[in-house]
Each structure stands twice: as structure tokens, then as C-alpha cells.
Amino acid sequence: DVPVHMHVHETAQEISDSVEKSGQRPLERLEALGLVNPSLMAVHATQLTDEEIAALARSGSSVVHCPRSNLKLASGACRVADLVAGGINVALGTDGAASNNRLDLWSEMESAALLGKLIAEDAEALPARAMLRMATINGARALGLEQETGSLEPGKAADFICVRFEGAAMEPVLDPVSQLVYCAGRENVSDVLVAGEHLLANGALTRLDEALLVDRAREWATKVLDA
């Protein structure tokens, strides 16, 4: 089955508009149409009742959590700890540049961990290892690609990154996974390999001209501002 990516229950306004027009909450309507199934990737899901969480769990659907977008738009708070406790596969996303300037999955991982603890009112909720899974294998599982990527295993694609832990800002390293989630960022990534191809080597792009990319970004910024 082809995964279906759909923004679901992102805002309270979305819920009220749906109830006014159809008499049903969006997820209820999707379920009636047979669209709440293992292929569904419900993005945001900040407005869920206990019954809706149970329905997502029964269906095998995934939720894509975009914490920084939700924070910037003040659209609501995803009950990530409750989703995980209910057995739902939760992955991380960024949403788009219009609602999340950084588009940095690493920032999403840290934000999800901190915000999730606040929402759950539990400092032990969503431990670092759970957050790392949301940023890796859970995303692959949501896309139906867990047999191909998402973890380092024989037979899977050689998709991985190397992270520098040296330097005063990263010491002491008491728990490498906790360090990855709460201390490291994209600036600590030295190498990126996708399907075994070295795309970032010692901090330098191997296939893209960074200066050209910067020039094009500035060109488009001018066009946007002049529009």
C-alpha cells in the first residue's frame, strides 16, 4: 500500500469547521471513508481525544509530529507520550518553510523531547532513545521503508551520518544517545552517506555547489520581497 500523507487535526479551527460542514470531526470522517488504516500518516494530530488516539492505534496508522511548526503557529500540542503509550508509531517531521523556518529534523527531535515532557507533565516521558527512534526507524516505518532503511542492519541501505563529539560544548559524554538528542545539532555532523554515497565529507558537500545555492537563495529572496 502507498503511504498517504495528510495533515489531520492540526488546529482547533479545522475541527470546528469540519463539524459545522459535515457533522463529523475530521478523523471520524476519514475513518468512515476507510482512510484510517496502516497507510495513513496523520501529520500534526494536535487535537486528539482519547477515543481518537485509540482509533489510530487500532488502525495501525502513524502520526508525524512537527513540534516546531506547532509552536510557531500556536496550533496546539500533540500528546506524544499518550500516542506512544497507545502503541502508535510516531515519527518526526518539519512541516514547510512557511511555518518552520529551520527545517532541521535535529531541532525537531530536541523540541519534541522537551515539549512532550511538558505536555505529559512527566520529566521521564519520551526518553532520548525513544526520540532517536522517532527521528530514524519510525519515519521509515511510517513510509513503509523499514525493511530498507531507518536503522543500521545488514541488508539495509547504507544511510547514516557521522557526528563529532569532541569539543568543550560536547563534553563530558556520559550517555551518547542523550548527548545526540539534547546537546548535538546539525553543526556537529561531519559526514552524511545515502545508499553508501558520500554526500557530505568532513563538513563539505560533495555533489552540490554551496556558493551557487546561496546565490540562488538570495536571488529568490529578492524576488519574494519585490513581489
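Residues numbered from 1 in each chain as written. Predicted model: local features only at pLDDT ≥ 70, side-chain atom pairs only at ≥ 80, totals over all residues. Heavy atoms only, no water.

A.B. asks: Can you walk me through the overall build of the protein in this structure?
C.D. replies: A tally of regular secondary structure across the protein gives 10 helices and 8 strands. Since a compact globule built from 227 residues should have a radius of gyration of about 17 Å, the 19 Å found for the protein is in line with a globular shape. Here the C-alpha coordinates of the protein stretch approximately 55 × 50 × 35 Å along the principal axes. Here the analysis covers contacts within the protein between residues at least 6 apart in sequence; of these, 60% occur between residues at least 24 apart. Here the protein holds 19 positive side-chain charges and 33 negative ones, and the gap between their average locations is 2 Å. (Helix = DSSP H or I, 4+ residues; strand = E, 2+ residues; numbered from the N terminus. Rg over C-alpha atoms; globule rule 2.2 N^0.38 Å. Contact = heavy atoms within 4.5 Å. Lys, Arg positive; Asp, Glu negative; His and termini not counted. Charge placed at Lys NZ, Arg CZ, Asp CG, Glu CD.)

A.B. asks: Help me out: how do you make sense of the sheet that holds strand β5 (residues 160-163) in this one?
C.D. replies: Strand order in this open sheet of 4 strands is β5-β6-β7-β8, and the pairing throughout is antiparallel. Lying at the two open borders of the sheet, with one neighbouring strand each, are β5 and β8 (204-205). Strand direction decides the pairing type here: strand β6 (residues 189-194) and strand β7 (residues 197-201), joined by 3 bridges, are antiparallel. For V192, the partnering residue across the bridge sits in β7 and is L200. (Pairing = 2+ DSSP bridges.)

A.B. asks: Can you help me understand the nonpolar core in this one?
C.D. replies: General note: in soluble globular proteins, nonpolar side chains tend to be found buried as a group. Of all hydrophobic cores here, the largest spans 35 residues; its most connected members are V63, L83 and M131. Looking at this core, the elements with two or more residues in it are α2 (26-32), β2 (40-44), α3 (50-59), α5 (80-85), β4 (89-92), α6 (105-120), α7 (128-135) and α9 (176-182). The element contributing the most residues to this core is α6, with 4 residues. When sequence neighbours within four positions are dropped, the list of residues in contact with L83 reads L48, I53, V63, C78, I88 and V90. By size, the runner-up hydrophobic cluster in this structure holds 6 residues, among which are M41, V43, C66 and A91. (Core = buried A, V, L, I, M, F, W, Y, C linked by side-chain atoms within 4.5 Å. Buried < 20%, exposed > 50% of the residue type's maximum accessible area, 1.4 Å probe, protein only.)

A.B. asks: Even after reading the chapter, I still don't get the pattern of salt bridges, so can you show me in this structure?
C.D. replies: Pairing of side chains with opposite charge becomes possible as their charged atoms draw close. Scanning all chains against the criterion turns up 10 salt bridges. We note a salt bridge from E166 to R164, for which the minimum N-O separation is 3.9 Å. Its relative accessible area of 53% is what places E166 among the exposed residues. Assessed through its relative accessible area of 28%, R164 is described here as partly exposed. Where salt bridges share partners, they join D50, R79 and D82 into one cluster. (Salt bridge = Lys/Arg side-chain N within 4 Å of Asp/Glu carboxyl O.)

A.B. asks: Help me out: how do you make sense of the layout of surface pockets in this one?
C.D. replies: Over the atoms rolls a probe the size of a water molecule, and in doing so it shows where empty space is left. By volume, the largest pocket is sized at about 1000 Å³. Looking at the largest pocket, it is lined by 32 residues, and the ones nearest its centre are L105, A135, T136, D159 and I161. Considering every element that reaches the lining of the largest pocket, the biggest residue donor is β6, with 4 residues. Among the residues making up the lining of the largest pocket, the classes are represented as 23 nonpolar, 6 polar and 3 charged. In this structure, the second largest pocket occupies an estimated 370 Å³ of space. Broken down by secondary-structure element, the contributors of at least two residues to the lining of the second largest pocket are β8 and α10 (210-226). Of the residues contributing to the lining of the second largest pocket, the split by class is 5 nonpolar, 2 polar and 1 charged. (1 Å grid on protein atoms, 1.4 Å probe; cavity = no way out; pocket = protein on both sides within 12 Å on 5 of 7 lines; lining within 4 Å. Points joined across faces, edges and corners; volume = space filled by probe spheres on them. Nonpolar A, V, L, I, M, F, W, Y, C, P; charged D, E, K, R; others polar.)

A.B. asks: Explanation requested: α7 in the structure shown.
C.D. replies: Since the α-helix packs 3.6 residues into each turn, any two residues three or four apart lie on the same face. By the burial criterion, the buried members of α7 are A128, A130, M131 and M134. Looking down the long axis of α7, one finds its buried residues gathered within 160° of arc, a one-sided arrangement. At its buried positions, α7 is contacted by α5, β4, α6, α8 (137-142) and α9. (Arc of directions from axis to C-beta.)

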